[in-house]
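# Breakdown of the fold
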Amino acid sequence: MTSAALARFDGYGVLITGAGQGIGAATAHRLAAEGAGVLVTDLDPERAARVAADIVAAGGRAESLACDVTDRATIEAAVAHAVTAFGALDVLVNNAYSCAPDEALFEDEPDDVWERDLDVTLSGAYRCARAALPHLVASGRGAIVSIGSVNGVQDFGNHAYSAAKAGLAGLTRTLAGHAGPRGVRVNLVTPGTVRTDAWSGREGELSRVSGLYPLGRVGEPEDIAAAVAFLASRDAAWVTGTTLCVDGGLTAVNTGFRQALATD
Ligand SMILES: NC(=O)c1ccc[n+]([C@@H]2O[C@H](COP(=O)([O-])OP(=O)(O)OC[C@H]3O[C@@H](n4cnc5c(N)ncnc54)[C@H](O)[C@@H]3O)[C@@H](O)[C@H]2O)c1
């Protein structure tokens, strides 16, 4: 299934968290289509197994494993599995997250909701980076790409999730400084609204927010996978510590202000 033009990841070993559906699954398909061996991990092992089977059915290389990014033992098992299965771990994609809906009143939010979102979304990426780093250094072309969100850049609600996503930008910069001299690049992608199962049953909201996007639509998982592939590849060999907004212009353009000016 790979072609010379699309073989940027030939011989690469890749581990993606939360890849049983949505953006993680699309990224697994994209990197496998470009030659990578992909370990598809997820809290839900059946989802992960389905994605890996689809990749294999399409002619790619993939395996699957249950991995909870709050559980250091399962993370270490996943890293070891990727190295054994593909001979190296070259790319880690931190994609798993938790996002609790806000309570009507911030003061009413239970501590455990805050702690869960931070634990999965921010500390999960930290744990995975720590476990993967020695192997990424050994690879000589190692890269970490984390999936942030526009919520880490501007207010779109979701206190804990937004704080965790903003934290990922800080972790990306400090890790880039730490790992750069050891040959590992670390970057962040911040998607806007992306049509995944996370939005299932919310077509009305998706349709309403589409109008706020300068490019006239919400994102598709493949839009984010393409950006991850760029940052993970040698095409981004001189890019580290950066945040790439893949958000249809949402955070760059003040659509509400423009619409208010244009009225009457
Ligand atoms: N969909 C969007 O609109 C959107 C927008 C901005 C950012 N993002 C980010 O993109 C990433 C993927 O989002 P999505 O919409 O594809 O998600 P999704 O909800 O469709 O899938 C997430 C997957 O993560 C898994 N998961 C949950 N907790 C986990 C844990 N503790 N350990 C391992 N896996 C776990 C789930 O089982 C699920 O398969 C997330 O980081 C999310 O914050 C999504």
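Now for a description of the structure that goes with this document. Keep in mind it's a predicted model, so treat the numbers as computed, not measured.

### Quick notes on the environment of Thr172
On the secondary structure map, Thr172 appears in helix 5 (residues 159–179). Those residues within four positions of Thr172 in sequence are excluded, and the remaining contacts are Val186, Asn187, Leu188, Gly241 and Thr242.

### Focus: the sheet that holds strand 1 (residues 13–16)
On the basis of which strands lie adjacent, the open sheet formed by seven strands has the order 3-2-1-4-5-6-7 and parallel pairing. Because the sheet does not close on itself, it has two edges, and the strands there are strand 3 (61–66) and strand 7 (243–246). Averaged over neighbouring strand pairs, the angle between their axes works out to 20 degrees when direction is ignored. Bridge count between strand 4 (residues 91–94) and strand 5 (residues 143–147): four bridges; the pairing is parallel. Its bridge partner being in strand 5, Val91 is matched across the sheet by Ala143. The strands touched by helix 5 within the sheet are strand 5, strand 6 (185–191) and strand 7, with strand 6 carrying the most contacts at an inclination of about 160 degrees.

### As for the site of the ligand
What surrounds the ligand is a group of 27 residues, the closest being Ile23, Asp42, Asn95, Tyr161 and Thr196. One of the side-chain nitrogen or oxygen atoms of Thr196 is found 2.6 Å away from an oxygen atom of the ligand. Protein contact buries 92% of the 840 Å² of open area that the ligand shows by itself. Among the secondary structure elements, those contributing two or more residues to the shell around the ligand are helix 1 (22–33), helix 4 (111–139) and helix 5.

### Some remarks on the side chain of Asp42
Structurally, Asp42 can be placed in strand 2 (residues 37–42). For the buried Asp42, no salt bridge is present, and the opposite-charge side chain at shortest range is Arg47, 4.5 Å distant. Aside from chain neighbours lying at most four places away, what touches Asp42 is Gly18, Ala19, Gly20, Gln21, Ala48, Leu65, Ala66 and Cys67.

### With respect to the pairing of strand 5
Counting buried positions along strand 5 yields five of five residues, so the element is predominantly enclosed. The alternating pattern of strand 5 places Ala143, Val145 and Ile147 on one face and Ile144 and Ser146 on the opposite face, and all of these are buried. The parallel pair strand 4 and strand 5 is bridged by helix 4, and the resulting crossover is right-handed. Strand direction decides the pairing type here: strand 5 and strand 6, joined by five bridges, are parallel. Each residue of the ladder has a partner; that of Val145, found in strand 6, is Asn187. For the segment spanning strand 5, helix 5 and strand 6, crossover handedness is right-handed.

### A short note on unusual backbone geometry
Phi angles above zero are rare outside glycine, and Asn158 is one such case at about 65 degrees. Here Asn158 lies in the loop between strand 5 and helix 5.

### Structural notes on helix 1
In a regular helix each residue adds 1.5 Å, so twelve residues correspond to 16 Å; helix 1 covers 17 Å between its end C-alpha atoms and thus fits that length. Residues of helix 1 that are buried: Ile23, Gly24, Ala25, Ala26, Thr27, Ala28, Leu31 and Ala32. Those residues of helix 1 that are buried are in contact with strand 1, strand 2, helix 2 (45–57), strand 3, strand 4 and helix 7 (221–232). Looking one or two places after helix 1, you find Gly35, whose phi comes out positive at around 110 degrees.

Rules used in this analysis
- Residues numbered from 1 in each chain as written.
- Predicted model: local features only at pLDDT ≥ 70, side-chain atom pairs only at ≥ 80, totals over all residues.
- Heavy atoms only, no water.
- Helix = DSSP H or I, 4+ residues; strand = E, 2+ residues; numbered from the N terminus.
- Contact = heavy atoms within 4.5 Å.
- Pairing = 2+ DSSP bridges.
- Axes fitted to C-alpha atoms, helices over the stretch in contact; angles between N-to-C directions.
- Near = heavy atom within 4 Å.
- Polar contact = N/O pair within 3.5 Å; in protein donor to acceptor, adjacent residues only side chain to side chain.
- Areas by Shrake-Rupley, 256 points an atom, 1.4 Å probe, with all protein chains shown as cover.
- Buried < 20%, exposed > 50% of the residue type's maximum accessible area, 1.4 Å probe, protein only.
- Lys, Arg positive; Asp, Glu negative; His and termini not counted.
- Salt bridge = Lys/Arg side-chain N within 4 Å of Asp/Glu carboxyl O.
- Right-handed = clockwise from strand over helix to strand, strands pointing away.
- Expected span 1.5 Å × (residues − 1).

Note that every value here comes from positions in space, so none of it alone points to a role or purpose.
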